[in-house]
Amino acid sequence: MPLSLYNTLTRKVEPFQPLAPPRVTLYTCGPTVWNYAHIGNFRTFLFEDLLRRWLEHSGYDVFHMMNLTDVDDRTIRAARNAGKRLAEHTEPFTQAFFEDRDYLRIKAAHVYPRATQYMPAMIALVERLLANGVAYNGDDGSVYFAIGKFPTYGKLSRLDQREIKVGARVSSDEYAKDDPSDFALWKATDDEDEAVGAAWDAPFGRGRPGWHLECSAMSLDEIGRRFGVQTLDIHCGGVDLIFPPHENEIGQSEGATGKPFARYWLHGEFLNVRGTKMSKRFGNFLTARDLREQGVDAAAVRLLFWQSHYRQPIDFNDEALDGAREGVRRLGEFHARLKGEGGRGKAEGALADLARTFETEFTAALDDDLNAPQAVAKLFEFVRAANRELDRSGSGAGTGASTALAAFQRVTGVLDALPTVKAVDPVLRQWVTERLAARDRARKSKDFKAADAIRAELRARGVEIEDTPQGTKWQVV
């Protein structure tokens, strides 16, 4: 079966057909860099990472864009409260996001357009909308999108046209989900904007872009310059962005170009804490750096998130995280065992047969709207079956361990949920080498008491050892 994805626009799982295969243009909504991103935000970013990795694994040439919102109501307010210029306030949080991204092993986007760097594109987009008659100058000096002039407004969120408030306007970047009113494309400057350096000159007045305008302008500019198209293949974000942000993006993009803005819209569900959406507003959030400082392996976070479908909420708690840690440990041990066996014996055999069946089932799961829970279940079924086969055969020789190892590594390259290899201090490495040599001498002289004492020494320093036919292996735990 081909890859199929749930399209929020049609409310159906549809076969994926990009505009110009094998190229896929992927736009994902990034953070607003007024504060640290919490792991609820990263739940969305990780689902998008899985999507990108699976597209690439499937042979597509993905061009990934993720915006950084560095000018909106929140960034301006935060900069003003901190007594800083806008760029001075947002830059540390931008760099923190990149650090958190790397910690969680999220592949870097090809471009990270920042709103403040795309003012010419935003101004040009507003001018096109004014020329097309779907935008107008308000009496407050701002420019508004006239949703009554765009007949298909509401098609993404399934908004009832009778709910549209004809003639009503809303200038706030974030507003109630039951307030379908004309929204600000360009907001007339005020003292707070000027104080932090968030105001730009434009033919229709000095001001700054509305939050929703930014993604339209940046994405259309990128794909227009690079590929000569005006339609994205995939646009992603959290479910809370369906209305108003994504609905407004469709209006202003299609109102300017006359073409579909995106072929597929994918939205990830919330991360909950004790049943409540994780949010700075509710004060129940953890940041990625909180987890990193607590020593949580990124692999455990990734595996925890893969155990729920991206369109289903996750309840984040210590028990779930502990379960994911245990799963990561099992995967790491199995990987080490396969590597120990994989260099010997024939490529064919029982393990190879198990691996081929597993890889087929894993592919079918992710091709079915990124069914990660099913894919993970198949992964652990394979680990159990392969371990039984290794136990039965007593050796990898002739069982197809090398074929199984290759399949396992292809799959784990998509999930990226193997334990993080801990950096080893050179002084510790030298000490471990010396102690293992001493232990080897003790074993050869049958002084097993001394050998056991050295093992205990090593364990006390956090070093676990394993005796294998290829020699003694060790790792820091």
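One can find the structure itself at the top, above this paragraph.
Only a predicted model underlies this, so the values are computations on that prediction, with no experimental measurement involved.

K.L.:
Describe the overall build of the chain, naming the residues involved and giving the relevant values.
P.N.:
Each helix and strand counted, the chain has 15 helices and 16 strands in total. Projected onto its principal axes, the C-alpha positions of the chain cover 95 × 50 × 40 Å. When burial is assessed residue by residue, the chain has 53% of its 477 residues classed as buried. Once local pairs closer than 6 in sequence are excluded, the contacts in the chain between residues at least 24 apart make up 76%. Within the structure as shown, the chain displays about 20800 Å² of accessible surface, and the carbon and sulfur contribution to it stands at 49%. Distance from the positive charge centre (64 side chains) to the negative charge centre (68 side chains) of the chain: 6 Å.

K.L.:
How would you explain the packing of helix α6 (residues 211-227) against helix α7 (residues 242-257) if you had to name every residue and give the values?
P.N.:
At a minimum axis separation of 8 Å, α6 and α7 run at an interaxial angle of 50°. In terms of orientation, α6 lies oblique with respect to α7. For the element pair α6 and α7, the recorded crossing hand is right-handed. Residues Trp211, His212, Leu213, Cys215, Ser216 and Leu220 of α6 touch α7, and the partners they reach there are Pro244, Pro245, Asn248, Glu249, Gln252, Ser253 and Thr257. Looking at the contact of α6 with α7 residue by residue, the classes come out as six nonpolar, six polar and one charged.

K.L.:
Go over the nonpolar core with me, naming the residues and quoting the values.
P.N.:
Side chains of nonpolar character tend, in soluble globular proteins, to be buried together. Counting residues in hydrophobic clusters, the biggest one holds 78 residues, and the most contacted among them are Leu51, Ile234, Leu266, Phe305 and Phe408. Sequence-distant contacts of isoleucine 234, defined by excluding residues within four places in its chain, comprise Leu5, Phe16, Val24, Thr25, Leu26, Tyr27, Leu51, Leu55, Tyr264 and Leu266. Counting residues in each nonpolar core, the second largest holds 55 residues, with Leu129, Ala135, Ala217 and Trp265 among its members.

K.L.:
Got a sec to walk through the environment of tyrosine 310? Specific residues and values, please.
P.N.:
Examined against the element boundaries, tyrosine 310 turns out to sit in the loop between α9 (298-306) and β14 (314-315). For tyrosine 310, a relative accessible area of 4% translates into the label buried. Here the alpha-carbon distance between tyrosine 310 and asparagine 371, two residues 61 residues apart in the chain, equals 8.0 Å. If we skip the residues at most four places from it in the chain, tyrosine 310 touches Tyr6, Arg43, Phe47, Leu266, His267, Gly268, Glu269, Asp369 and Leu370. In this structure the side chain of tyrosine 310 is engaged in a polar contact, spanning 2.6 Å, whose partner is the side chain of aspartate 369.

K.L.:
Describe the environment of aspartate 368, listing the residues and the values that go with them.
P.N.:
By the element assignment, aspartate 368 lies in the loop between α11 (350-367) and α12 (372-393). Given the relative accessible area of 42%, aspartate 368 is considered partly exposed. Between the C-alpha atom of aspartate 368 and that of leucine 5, which follows or precedes it by 363 residues, the distance is 6.9 Å.

K.L.:
For the packing of helix α14 (residues 426-444) against helix α15 (residues 448-460), give the residues involved together with the corresponding values.
P.N.:
Relative to each other, α14 and α15 sit at 160°, their axes nearing to 8 Å. Classified by the angle their axes make, α14 and α15 are roughly antiparallel. You can see that α14 and α15 cross each other, and the crossing is left-handed. Touching Trp431, Val432, Arg435, Leu436, Ala438, Arg439, Ala442 and Arg443 of α14 are Phe448, Ala450, Ala451, Ile454, Arg455, Glu457 and Leu458, all from α15. Grouping the constituent residues of the contact of α14 with α15 by class yields ten nonpolar, no polar and five charged.

K.L.:
Which residues make up the packing of aromatic side chains, and what values go with them?
P.N.:
Enumeration according to the criterion identifies 22 aromatic pairs in this entry. Taking 5.2 Å as the distance between ring centres and 75° as the angle between the ring planes, the aromatic pair formed by phenylalanine 334 and phenylalanine 408 counts as edge-to-face. Here phenylalanine 334 is found in helix α10 (residues 318-342), whereas its partner phenylalanine 408 is found in helix α13 (residues 401-415), with 74 residues between them in sequence. Each member of the pair phenylalanine 334 and phenylalanine 408 is classed as buried. Members of the aromatic cluster, connected to one another through ring pairs, are Trp54, Phe334, Phe358, Phe362, Phe382 and Phe408. Sitting above the plane of the tyrosine 6 ring, arginine 311 keeps its charged end 4.0 Å from the centroid. Above the face of the tryptophan 431 ring, arginine 461 is positioned so that its terminal group lies 4.4 Å from the ring centre.

Rules and cut-offs
- Residues numbered from 1 in each chain as written.
- Predicted model: local features only at pLDDT ≥ 70, side-chain atom pairs only at ≥ 80, totals over all residues.
- Heavy atoms only, no water.
- Helix = DSSP H or I, 4+ residues; strand = E, 2+ residues; numbered from the N terminus.
- Buried < 20%, exposed > 50% of the residue type's maximum accessible area, 1.4 Å probe, protein only.
- Contact = heavy atoms within 4.5 Å.
- Areas by Shrake-Rupley, 256 points an atom, 1.4 Å probe, with all protein chains shown as cover.
- Lys, Arg positive; Asp, Glu negative; His and termini not counted.
- Charge placed at Lys NZ, Arg CZ, Asp CG, Glu CD.
- Axes fitted to C-alpha atoms, helices over the stretch in contact; angles between N-to-C directions.
- Parallel < 35°, antiparallel > 145°, perpendicular 65-115°, else oblique.
- Left-handed = near helix turned anticlockwise from the far one by under 90°.
- Nonpolar A, V, L, I, M, F, W, Y, C, P; charged D, E, K, R; others polar.
- Core = buried A, V, L, I, M, F, W, Y, C linked by side-chain atoms within 4.5 Å.
- Polar contact = N/O pair within 3.5 Å; in protein donor to acceptor, adjacent residues only side chain to side chain.
- Phe/Tyr/Trp six-rings, centres within 6.5 Å; stacked < 30°, edge-to-face > 60°.
- Lys NZ or Arg CZ within 6 Å of the ring centre and 35° of its normal.

Without other data, these values stay purely geometric and don't point to any function.
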